[in-house]
Amino acid sequence: MAFRRPLYVESGSNDLREMTDTMIDGVRQWAIQTHAGSGADYATSATTVGSSITFTASGGNLGTMTDNRLIAGVALTRVDRFPTSGETGDAANISINYSRMNQTTNYNTLNSDSGKKNFVYYDGNDVVAMTNTDMYDTIYSQAIDTLVTGSDIDGTYRIGTSASISGMTEMFGGPIFTDTRADVASYTAGGIDEVNDQPTTITNYYLHFVNSGYATDTSNYVNPVMIDSNNDLFYTSSTTVRDNIFIPDMRYWVGQKVRYSINGSGNNRGSAMVDTRMNGSNYQQRFVNANDYRAQEFPGGSAATVSTYYLRIRKI
Amino acid sequence: MDLRKKEFIDAVFTSPERDTIEVIWGNPDNQEMYQEYVQVDPHNQAYLEVLELGKINFENIIDATAERNRQQRRDFELAAVKIGQEEGWIAKDVQETIESGEEITIKTERQLREEIYADINNMIFSDEIPKDRKIKEFMFMTKLYLFDLEQIKEHKDNKTKSALRKSKTPKDMIMNAAKLMG
C-alpha cells in the first residue's frame, strides 16, 4: 500500500524506465478523461460515471431547493369607502420545491488484481505488478483529488445559468431549479382585482456534465508496462488500458470516494443557485364608481435573497 | 458559451451580507454573455478566479455594487414615472425631465398634500372671475358636489340656490353655499 512508480518502455532504447512525475500525471489525466468518456460497454457517459446525478421528478436524494415568491393579497371591494390595508389580504409567500437531482454511487465493483492485472514497478529486486491499493495510491487518489477541486474537470457535474455550455452536456433537458419573483410591473391599480400570482422567471439553473476532454491534458501520457498470463512483460494501447483498467477502476473508486451535495461540505460546482423574492408590499386603490371602491396589496419592495444553494463535490 | 474563453465583464454582490456575487462573463468571439453566482470565500476557486481574471478585489466589487444600485434606483424611478403617467397621476412634463437626463425628484405624500392645500386656498378665496381652466374646473366640480348634498338639494331657498349656481367667483360660491348650510 504505497505510491509506486510505474515502468514504461523508453522509445528508441527499448529500455524499461521508471515514469517521471510528469508521465504519471499524464496517466492520471488519461484516467480522468476515460472515466468521463465513452467506453466499450456503455452509451451515455454522464450516467455511468462512478458518482452520477440523474433526474427524478421529485424526491431526489440531493435534497430540496425552494423557490419563494410573493403573490398579491386578495382584493377587497366596498360600496362606501376604500378598504384599508388592514382589511385587504396581505401579499403572501408561496414556495415551489425542487428535488430533481438523484445521486447514484458505487456503480461498479472492483475487479481482483490477481497479481497481474495492473501496471508493473521495480521494487529494488524484481519487476512486480501493482496491487489495486497501489494503483489507488499512485493514480486514482490523485485523480480524484483533481476531480473534487471545484474546477470544471471531465466527468464532474456543475450548475450553469445557460442551457448550452460548450464542452458540457446539459442534463435532463430543462432546469433543475428556477428562481422566480413577482412581476411587479404586471400589477396595476387599474387592474384591481388583479390575479394574485403573476410571476416572472429571474434565472433558470441547469445541471451540466463536463464532457471527456474538456480540461484534461494527456500529452504526457505513456503506456505503462504490464504482465501477461505467461509472466512476460508487455505494453498495450491506450484504448485497451482505458477499457480494461481505467474505466472499471475509476468507476469503482469515484463511486466510493466522490460525493455531491447541496450545501454540504466540499467545493462549489459552477454557479450558486439563488432564491430571491420581493421583500415588501404595495397597497393600491381603485375607484370604479361611487358604489365600487377597491383595494389590493401587491408584491413590492426590492429583490432580496432568501436562500443560496450550492452544488458541492467532495472526497470522502 | 465556451467558459474556457470567458472574459470578465462585471461582478456585484447579490445580498447585503456580501456573501455571494453575480458575475457576468463574456465571450469575445461571439459577444455571448454568461451569468454566474459565486460564493465569496477566499478558499473558493471560482471566487479566486473572478478576482484574478477580473483583476479586481473585494473593494472593487463594493464599488461596482453601489453603482449598480444607483442604476437600479434610477431604472425603478423611470419605470414608476412611466406607470404614473400611463395611469394619470404623474404630470406629463416629468417626461421632459427624463428625456433631458436631469435627476428626477419624487415628491413625498406630505409635500404633495401641502401643494394641494395651498392650491385650494388660492382658489377658494379668490374674488376674481377665473380665467384659468383649472379654477373653472374646480368651481364646476365643487358646485356639483354641493348640489349633491341633501342639505342644499332639499333647501327651500331657491333664490340663494340660484345664486350659488350662477356664482362667478369662488368666493361667491363659498358664501352662497355657507348661507344654505348655515
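On a predicted model such as this, the values are computed, not experimentally measured, just so you know. (Residues numbered from 1 in each chain as written. Chains lettered and ligands numbered in written order. Predicted model: local features only at pLDDT ≥ 70, side-chain atom pairs only at ≥ 80, totals over all residues. Heavy atoms only, no water.)

A. Looking closely at unusual backbone geometry. Residue and element names in this part refer to chain A. Ile-192 connects to Asp-193 through a cis peptide bond whose omega is 5°. Located in the positive-phi region is Asn-231, a residue other than glycine, with phi close to 65°. Of note, Asn-231 is situated in the loop between strand E14 (225-227) and strand E15 (233-235). Judged by relative accessible area, Asn-231 falls into the exposed class, the value being 53%. Not every positive phi belongs to a glycine, and Asn-263 is a case in point at roughly 60°. Turning to its location among the elements, Asn-263 is positioned in the loop between strand E16 (258-262) and strand E17 (267-268). (Helix = DSSP H or I, 4+ residues; strand = E, 2+ residues; numbered from the N terminus. Buried < 20%, exposed > 50% of the residue type's maximum accessible area, 1.4 Å probe, protein only.)

B. Highlighting the interface of chain A and chain B. If you look at the interface, chain A gives 30 residues, while chain B gives 16 residues. Taken over both partners, the interface formed by chain A and chain B buries close to 1,700 Å², and the fraction arising from carbon and sulfur atoms is 41%. Of all residues in chain A, Thr161(A), Ser166(A) and Tyr214(A) bury the most surface against chain B, accounting for 23% of the area lost on that side. In this structure, the salt-bridge partner of Arg158(A) is Glu36(B), at a minimum N-O distance of 3.2 Å. Counting across the interface, chain A meets chain B through 13 residue pairs in polar contact (both at pLDDT 80 or more). Looking at the side of chain A that touches chain B, the elements that each hand over two or more residues are strand E10 (157-160), strand E13 (199-210) and strand E19 (292-309) of chain A. The greatest single-element share of the side of chain A that touches chain B, amounting to three residues, is contributed by E10(A). Of the residues belonging to the side of chain A that touches chain B, the class tally is nine nonpolar, 18 polar and three charged. (Contact = heavy atoms within 4.5 Å. Buried area = accessible area lost by both parts, 1.4 Å probe. Salt bridge = Lys/Arg side-chain N within 4 Å of Asp/Glu carboxyl O. Polar contact = N/O pair within 3.5 Å; in protein donor to acceptor, adjacent residues only side chain to side chain. Nonpolar A, V, L, I, M, F, W, Y, C, P; charged D, E, K, R; others polar.)

C. Broad picture of the packing of aromatic side chains. In this structure the tally under the stated criterion is 17 aromatic pairs over all chains. Seen from their ring centres, Phe82(A) and Tyr293(A) are 5.1 Å apart, and the 85° between their planes marks the pair as edge-to-face. Residue Phe82(A) is located in the loop between strand E5 (76-78) and strand E6 (92-98), and its partner Tyr293(A) is located in strand E19; the two are separated by 211 residues in the primary sequence. Residue Tyr293(A) is classed as buried on the basis of its relative accessible area of 16%. Look at Phe8(B) and Trp25(B): their rings are 6.1 Å apart centre to centre, the planes differ by 80°, and that puts the pair in the edge-to-face class. Taken together, the residues span a long stretch of sequence, with Phe8(B) in strand E1 (residues 7-13) and Trp25(B) in strand E2 (residues 20-27) at a distance of 17 residues. Of the residues examined, Trp25(B) reaches a relative accessible area of 0% and is grouped as buried. In this structure an aromatic cluster arises from ring pairing among Tyr98(A), Phe177(A), Tyr205(A), Tyr309(A) and Tyr37(B). The positively charged end of Lys6(B) is found above the aromatic ring belonging to Trp25(B), 4.4 Å away from the centroid. Note that Arg165(B) overlies the ring of Phe147(B), its terminal NZ or CZ placed 4.7 Å from the centroid. (Phe/Tyr/Trp six-rings, centres within 6.5 Å; stacked < 30°, edge-to-face > 60°. Lys NZ or Arg CZ within 6 Å of the ring centre and 35° of its normal.)

D. Inspection of the environment of Val120(A) at higher detail. Residue and element names in this part refer to chain A. Summarising the element assignment, Val-120 is placed in strand E8 (residues 120-122). A sequence separation of 108 residues divides Val-120 from Gly-12, and the C-alpha atoms of the two residues are 20 Å apart. Setting aside residues no more than four positions away along its own chain, Val-120 makes contact with Arg-5, Pro-6, Leu-7, Val-127, Val-128, Ala-129, Val-225, Met-226, Ile-227 and Leu-233.

E. View of the nonpolar core. The biggest cluster of nonpolar side chains holds 55 residues, and the ones touching the most others in it are Phe119(A), Tyr140(A), Tyr157(A), Leu207(A), Phe246(A), Met273(A) and Leu311(A). If you list the elements that add at least two residues to this core, you get helix H1 (21-36), helix H2 (132-147), E10, E13, helix H3 (238-257), E16, strand E18 (273-289) and strand E20 (311-315) of chain A. The next biggest cluster of nonpolar side chains, apart from the first, holds 20 residues, and it includes Met168(A), Val38(B), Val40(B) and Leu51(B). (Core = buried A, V, L, I, M, F, W, Y, C linked by side-chain atoms within 4.5 Å.)

F. View of the confidence of the model for chain B. When the pLDDT values of chain B are averaged, the result is 86; 91% of them are 70 or greater. By mean pLDDT, the top-scoring element of chain B is E1(B) (93), and the lowest-scoring one is helix H3 (residues 94-100) of chain B (63). (pLDDT = per-residue confidence, 0-100.)

G. Spatial organisation of the packing of helix H7 (residues 158-166) of chain B against helix H8 (residues 170-181) of chain B. Residues and elements named next belong to chain B. H8 packs onto H7 with a crossing angle of 155° between their chain directions and a minimal axis gap of 8 Å. Classified by the angle their axes make, H7 and H8 are roughly antiparallel. Crossing handedness for the pair H7 and H8: left-handed. Residue-level contacts link Thr-160, Lys-161, Ala-163 and Leu-164 of H7 to Met-173, Asn-176, Ala-177, Lys-179 and Leu-180 of H8. (Axes fitted to C-alpha atoms, helices over the stretch in contact; angles between N-to-C directions. Parallel < 35°, antiparallel > 145°, perpendicular 65-115°, else oblique. Left-handed = near helix turned anticlockwise from the far one by under 90°.)

H. How the structure looks around the pattern of salt bridges. A complete count under the given rule lists 23 salt bridges over all chains for this structure. Residue Arg5(A) pairs with Asp21(A) through a salt bridge whose shortest N-O separation is 3.0 Å. Note that Arg5(A) is positioned in the segment before strand E1 (7-9) and Asp21(A) in helix H1, a separation of 16 residues in sequence. On the basis of relative accessibility, which here comes to 27%, the residue Arg5(A) falls in the partly exposed class. Of the residues examined, Asp21(A) reaches a relative accessible area of 52% and is grouped as exposed. Here Glu67(B) ties to Arg70(B) by a salt bridge, and the two come within 3.1 Å at their closest N and O atoms. Linking Glu67(B) with Arg70(B), this pair stays in helix H2 (residues 58-87), spanning three residues, or about one helical turn. For Glu67(B), a relative accessible area of 42% translates into the label partly exposed. Exposure remark for Arg70(B): the relative accessible area of 54% places this residue in the exposed category. Through salt bridges with shared partners, a single ionic network connects Arg78(A), Asp80(A), Arg81(A) and Glu87(A).

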